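So the chains spell out like this:
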Amino acid sequence: MTARGKKTVRDLRRGSRSTLLRRLYFDGPLSRQELGSITGLSGGSISNVTGELLADGLIEECGSVESDGGRPRILLRVAAGRAHLVGVDVGETQVRVALFDLARTELAASDRPLDDRGHDAGHVAELILAGLAEVLERTGTDPGTVLGVGVGVPGIVEQGAVGGGAVGRGAVERGIGSDLGGGAGAVVHGQTVGWDAVPLGRMLRAGTDLPLFVDNGAKTLGQAEMWFGAGRGARHAVVALFGSGVGACVIADGARFRGATSSAGEWGHTKVHVGGRRCRCGARGCLEAYVGAEALVARWGAAPPGGGEKAGLAALLAAAGAGDPAAVALLDEAAEYFGAAIADLVNLFNPERIVIGGWAGLLLGPRLLPGIRAAATEYALRFPREQTEIVLGTLGPAAVTVGAATLPLSDFLDSGGEFPRRADAAVSHAGAAADAAAPAGLRA
């Protein structure tokens, strides 16, 4: 038995593969010489490991660049078509399932509206599984190439254990302790959608043997923006999800801050008005009750009937643009509440960047951002506010889905490119895997 903490040859090999694979993923294409200078690995190790990755089809040659006085240097990159990822966004009005290649190119998507059963857990699980089957069938994708299914959900995700007791062998071999659990044991506490300890992982496992990863939707949005969007390069940041509800992903020193039970980031349920408006969580005075899309449309009261929240918000924005006093006043108030709440984030966490995303954030952002910035400046402490930039997300309304797809990607990169086993495939804690897989400055 290997002594605790002592690395085996296999561990070292996996670590080298992981280091090179993630560098090529985030920074490629790169030459072998560039990989050596970036990673500090020896020339022999670079040659051996890149040879293995090429033989496995995980990376490929993609041209060359001139070198000083020598032969041209061959460039390497991750082979986008070698594997696939599935991302799921359990939204307020629909479930979106998308299939991606390793370059995050969307190959197919299935948008399934919630019917009159709303967020009934069984209904949601059925939509996820139906969407998964649809995107695989439409593209003719071999399930054996799918690294896993990442699911972003509303609410707090309690990470359980595969099979109810321990993670599988693959996670243990990679140093992931059984307390970190896996997506098949994920239990969701979604107070605003009526979910009380819903065993979503187990429900999905009944319909698929693909590896499962489940996390809060705001956290998957945060991961996407930190890895590929407006948060890239920041080590201290907050990514705010502004949709029907409001949430946040807090990044502290390059890693997501999750809290004792993974519930950190329920920013929408911080109080902005004691004894104020009733929130859908049941409490009064929550930020979400003043700036969430559902609340804004309900308070305006002039939205086209039967159009849904997106149509209602678009109509509210158009009315404000036309000078309607009630619409203007409501959006101005929302900007002030949102900015004051951002000031709290500035004072509490001292981030260098705050990113506003989510479909409502991107829709209203151009109109509200000046007011949000002004309110944040008015209510925050001067010195930390001067160090914080407030920007809009850059990945569009599908960022939650993209972020969900990066959950299995994280595990893949961390493992050095090992394909998961089916049926009993163990998955590590989505947050832990994601933070380990990202390069410095990109951990979400």
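Residues numbered from 1 in each chain as written. Predicted model: local features only at pLDDT ≥ 70, side-chain atom pairs only at ≥ 80, totals over all residues. Heavy atoms only, no water.

Draft legend 1. Structural detail: the overall build of the protein. Counting its regular elements, the protein contains 15 helices and 16 strands. Going through the 444 residues of the protein one by one, you find that 53% of them count as buried. Restricting the contact set of the protein to residue pairs at least 6 apart, pairs at least 24 apart contribute 64%. Carbon together with sulfur atoms contributes 52% to the accessible area of the protein, which is approximately 18,100 Å² in total. (Helix = DSSP H or I, 4+ residues; strand = E, 2+ residues; numbered from the N terminus. Buried < 20%, exposed > 50% of the residue type's maximum accessible area, 1.4 Å probe, protein only. Contact = heavy atoms within 4.5 Å. Areas by Shrake-Rupley, 256 points an atom, 1.4 Å probe, with all protein chains shown as cover.)

Draft legend 2. Seen up close, helix 1 (residues 9–27). With 19 residues, helix 1 should cover 27 Å at 1.5 Å per step; its first-to-last C-alpha distance of 27 Å lies within 8% of that length. Where helix 1 is concerned, the buried positions are Arg14, Ser16, Arg17, Ser18, Leu20, Leu21, Arg22, Leu24, Tyr25 and Phe26. (Expected span 1.5 Å × (residues − 1).)

Draft legend 3. Structural detail: the sheet that holds strand 15 (residues 353–357). Pairing is mixed across the open sheet formed by five strands, whose spatial order is 14-13-12-15-16. The open sheet has two free edges, formed respectively by strand 14 (255–256) and strand 16 (389–392), since each of these has just one partner strand. Judged from the two bridges that link them, strand 13 (residues 246–252) and strand 14 form a sheet pairing that is antiparallel. Looking at strand 14, one finds that Ala252 is bridged to Ala255. Against the sheet, helix 11 (residues 325–349) touches strand 12 (237–242), strand 13, strand 15 and strand 16, its axis set at about 145° to strand 15. (Pairing = 2+ DSSP bridges. Axes fitted to C-alpha atoms, helices over the stretch in contact; angles between N-to-C directions.)

Draft legend 4. Here's a closer look at the environment of Gly122. Here Gly122 lies in helix 4 (residues 121–139). For the pair Gly122 and Leu204, spaced 82 residues apart in sequence, the C-alpha separation works out to 9.5 Å.

Draft legend 5. Local environment of the layout of surface pockets. In this structure, the largest pocket encloses a volume near 910 Å³. Together, 49 residues line the largest pocket, and Val90, Gly91, Glu92, Pro154 and Leu241 are the ones closest to its centre. Contributions of two or more residues to the lining of the largest pocket are made by strand 4 (84–90), strand 5 (94–101), strand 7 (146–153), strand 9 (187–190), helix 7 (217–228), strand 13, helix 10 (308–321) and helix 14 (399–414). The residue makeup of the lining of the largest pocket, split by class, is 17 nonpolar, 22 polar and ten charged. (1 Å grid on protein atoms, 1.4 Å probe; cavity = no way out; pocket = protein on both sides within 12 Å on 5 of 7 lines; lining within 4 Å. Points joined across faces, edges and corners; volume = space filled by probe spheres on them. Nonpolar A, V, L, I, M, F, W, Y, C, P; charged D, E, K, R; others polar.)

Draft legend 6. Local environment of the sheet that holds strand 11 (residues 212–216). What the five strands build is an open sheet, ordered 6-5-4-7-11; its pairing is mixed. Of all the strands in the sheet, just strand 6 (106–113) and strand 11 have a single pairing partner and so form its edges. On average, each strand axis in the sheet is inclined to that of its neighbour by 15°, with strand direction left out of account. Each of strand 7 and strand 11 is contacted by helix 7, which is oriented at about 100° to strand 11, the strand it contacts most. Set on the sheet, helix 14 makes contact with strand 4, strand 5, strand 7 and strand 11; between it and strand 4 the angle comes to about 140°.

Draft legend 7. Spotlight on the nonpolar core. Judged by nonpolar contacts, the single largest core of 45 residues is most densely connected at Trp267, Leu313 and Ile342. If we skip the residues at most four places from it in the chain, Ile342 touches Trp267, Ile354, Ile356, Ile372, Ala376 and Ile390. Grouped together as the second largest cluster of nonpolar side chains are 31 residues, Ala121, Val157, Val198 and Val214 included. (Core = buried A, V, L, I, M, F, W, Y, C linked by side-chain atoms within 4.5 Å.)

Draft legend 8. Region of interest: the packing of helix 2 (residues 32–39) against helix 3 (residues 43–55). Axis separation between helix 2 and helix 3 bottoms out at 10 Å; the angle between their running directions is 120°. Considering their axes alone, helix 2 and helix 3 lie oblique with respect to each other. The interaxial crossing formed by helix 2 with helix 3 has right-handed handedness. For the pair helix 2 and helix 3, contact is made by Arg32, Leu35, Gly36 and Thr39 and by Ile46, Thr50 and Leu54, respectively. Residue composition of the contact of helix 2 with helix 3, by class: three nonpolar, three polar and one charged. (Parallel < 35°, antiparallel > 145°, perpendicular 65-115°, else oblique. Left-handed = near helix turned anticlockwise from the far one by under 90°.)

Draft legend 9. Main features of the packing of helix 9 (residues 293–300) against helix 10. Two elements in contact, helix 9 and helix 10, have axes separated by 9 Å at closest approach and are oriented at 60°. For the element pair helix 9 / helix 10, the angle class is oblique. Of the two elements, helix 9 crosses helix 10, and the hand of that crossing is left-handed. Together, Ala293, Glu294, Leu296, Val297 and Trp300 of helix 9 and Glu309, Gly312, Leu313, Ala315, Leu316 and Ala319 of helix 10 make up the contact between the two elements. Here the contact of helix 9 with helix 10 is built from residues that sort into eight nonpolar, one polar and two charged.

By themselves, these observations are geometric and do not establish any function.
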